[in-house]
Amino acid sequence: KNQVEQSPQSLIILEGKNCTLQCNYTVSPFSNLRWYKQDTGRGPVSLTIMTFSENTKSNGRYTATLDADTKQSSLHITASQLSDSASYICVVSAYSGGGADGLTFGKGTHLIIQP
Amino acid sequence: NAGVTQTPKFQVLKTGQSMTLQCAQDMNHEYMSWYRQDPGMGLRLIHYSVGAGITDQGEVPNGYNVSRSTTEDFPLRLLSAAPSQTSVYFCASSYSIPTSGGPGELFFGEGSRLTVL
């Protein structure tokens with residue numbers, strides 16, 4: 001069964017600090033991996049989409065890495081801001097299987113930035 | 001550019017009542033889907049559509065119906081609401097079908113928060 005595991009479940013850091021969120025997956029055949037940010041009470045918004053051949057992708061202060069061999073991804077946030085407080089969801093897409101539409105969702109990491 | 005629009009944002013129902021959650025997108029996306037989000041469960045797929053006239057079941061379809069008469073609209077119907085359907089519902093759309101391998105970004109609506117008493 002395709003699965004996506006995220007860690008930690010929740011994280012509290014001080015404003016200005018860096019942090020790294022983890023995503024491990026067992027999804028086959030792998031198509032791409034996506035990171036979404038979901039603010040409280042809002043819908044998820046895409047941060048990055050990475051295909052098999054991409055190791056690193058940046059979006060401002062967000063940098064995602066992908067190791068297709070070990071089936072691991074990380075999302076690194078640099079110089080955190082209060083607006084980074086949100087849930088971060090890892091989603092892995094398969095050419096078939098996974099969810100009925102090929103997407104397997106992680107449960108998310110809840111990040112709190114304290115002033 | 002409205003993106004994906006969901007209505008209503010909040011709804012309270014009594015057990016046994018029926019209702020429709022509306023979803024519309026203005027990006028001419030072929031793929032649309034409905035998810036529910038519950039605490040500690042992550043997003044779970046209810047139904048999806050790969051184009052007008054084509055719908056299919058997701059992971060948790062029981063108690064829900066969908067139709068896709070136009071590219072733009074994808075309503076979700078609760079036939080006889082139950083307390084277990086208390087949740088936040090998200091509609092999403094994408095240019096490409098996820099299983100096609102295309103890196104099409106999934107655009108989500110702002111959610112509809114449903115409480116069934």
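Residues numbered from 1 in each chain as written. Chains lettered and ligands numbered in written order. Predicted model: local features only at pLDDT ≥ 70, side-chain atom pairs only at ≥ 80, totals over all residues. Heavy atoms only, no water.

Caption draft 1: Representation of the overall build of chain A within the structure. In terms of regular secondary structure, chain A is built from zero helices and 11 strands. For chain A, the α and β elements follow one another from N to C terminus as β-β-β-β-β-β-β-β-β-β-β. Compactness check: chain A gives a C-alpha radius of gyration of 14 Å against a globular reference of 13 Å for 115 residues, within 12% of the reference. Every one of the 115 residues in chain A was classed for burial, and the buried ones make up 46%. For chain A, the exposed surface amounts to about 5,300 Å²; the carbon and sulfur share of it is 49%. (Helix = DSSP H or I, 4+ residues; strand = E, 2+ residues; numbered from the N terminus. Rg over C-alpha atoms; globule rule 2.2 N^0.38 Å. Buried < 20%, exposed > 50% of the residue type's maximum accessible area, 1.4 Å probe, protein only. Areas by Shrake-Rupley, 256 points an atom, 1.4 Å probe, with all protein chains shown as cover.)

Caption draft 2: Spotlight on unusual backbone geometry. Look at the link from Ser7(A) to Pro8(A): it is a cis peptide, with omega at -10 degrees. Within the secondary structure layout, Pro8(A) lies in the loop between strand E1 (3-7) and strand E2 (10-14). The peptide bond linking Thr7(B) to Pro8(B) adopts the cis configuration, its omega dihedral lying at -5 degrees. In this structure, Pro8(B) sits in the loop between strand E1 (4-7) and strand E2 (10-13). Phi at Lys71(A) is positive, roughly 60 degrees, even though this residue is not glycine.

Caption draft 3: Region of the structure containing the environment of Glu15(A). Residues and elements named next belong to chain A. Residue position: glutamate 15 is located in the loop between E2 and strand E3 (19-26). Assessed through its relative accessible area of 42%, glutamate 15 is described here as partly exposed. Along the backbone, glutamate 15 and proline 29 are 14 residues apart, and their C-alpha atoms lie at a distance of 39 Å. In this structure, glutamate 15 is in contact with Ser80, Gln81, Leu82, Ile113, Gln114 and Pro115, ignoring residues within four places of it in sequence. (Contact = heavy atoms within 4.5 Å.)

Caption draft 4: Just the pairing of E1(A), in detail. All names here are of chain A. The two faces of E1 differ: Val4 and Gln6 on one face are buried, but Gln3, Glu5 and Ser7 on the other face are not. Summarising the sheet, E1 and E3 pair through five bridges and their orientation is antiparallel. In the strand pairing of E3, glutamate 5 is matched with asparagine 24. (Pairing = 2+ DSSP bridges.)

Caption draft 5: Main features of the interface of chain B and chain A. Each partner contributes to the interface: chain B provides 25 residues, whereas chain A provides 23 residues. Taken together, the links from chain B to chain A amount to one salt bridge. Ionic pairing is found between Arg42(A) and Glu110(B), a salt bridge with its closest N-O pair at 2.8 Å. Every element with two or more residues in the side of chain B that touches chain A is listed here: strand E4 (31-38), strand E5 (42-51) and strand E10 (106-108) of chain B. Per-element accounting of the side of chain B that touches chain A gives the leading share, four residues, to E5(B). (Salt bridge = Lys/Arg side-chain N within 4 Å of Asp/Glu carboxyl O.)

Caption draft 6: Structural detail: the side chain of Ser33(B). Note that Ser33(B) resides in strand E4. With near-sequence residues (within four places) excluded, Ser33(B) lies in contact with Leu45(B), His47(B), Tyr48(B), Phe74(B), Phe90(B), Cys91(B) and Ala92(B).

Caption draft 7: Structural detail: the sheet that holds strand E7 (residues 64-66) of chain B. Residue and element names in this part refer to chain B. The four strands lie next to each other as E1-E3-E8-E7, forming an open sheet whose pairing is antiparallel. Of all strands in the sheet, those bounded by a partner on one side alone are E1 and E7. Sheet twist, expressed as the average angle between the axes of neighbouring strands with direction ignored, equals 20 degrees. One ladder, built from four bridges, connects E1 with strand E3 (residues 19-25); its direction is antiparallel. Within the sheet, the bridge partner assigned to threonine 7 lies in E3 and is glutamine 22. (Axes fitted to C-alpha atoms, helices over the stretch in contact; angles between N-to-C directions.)

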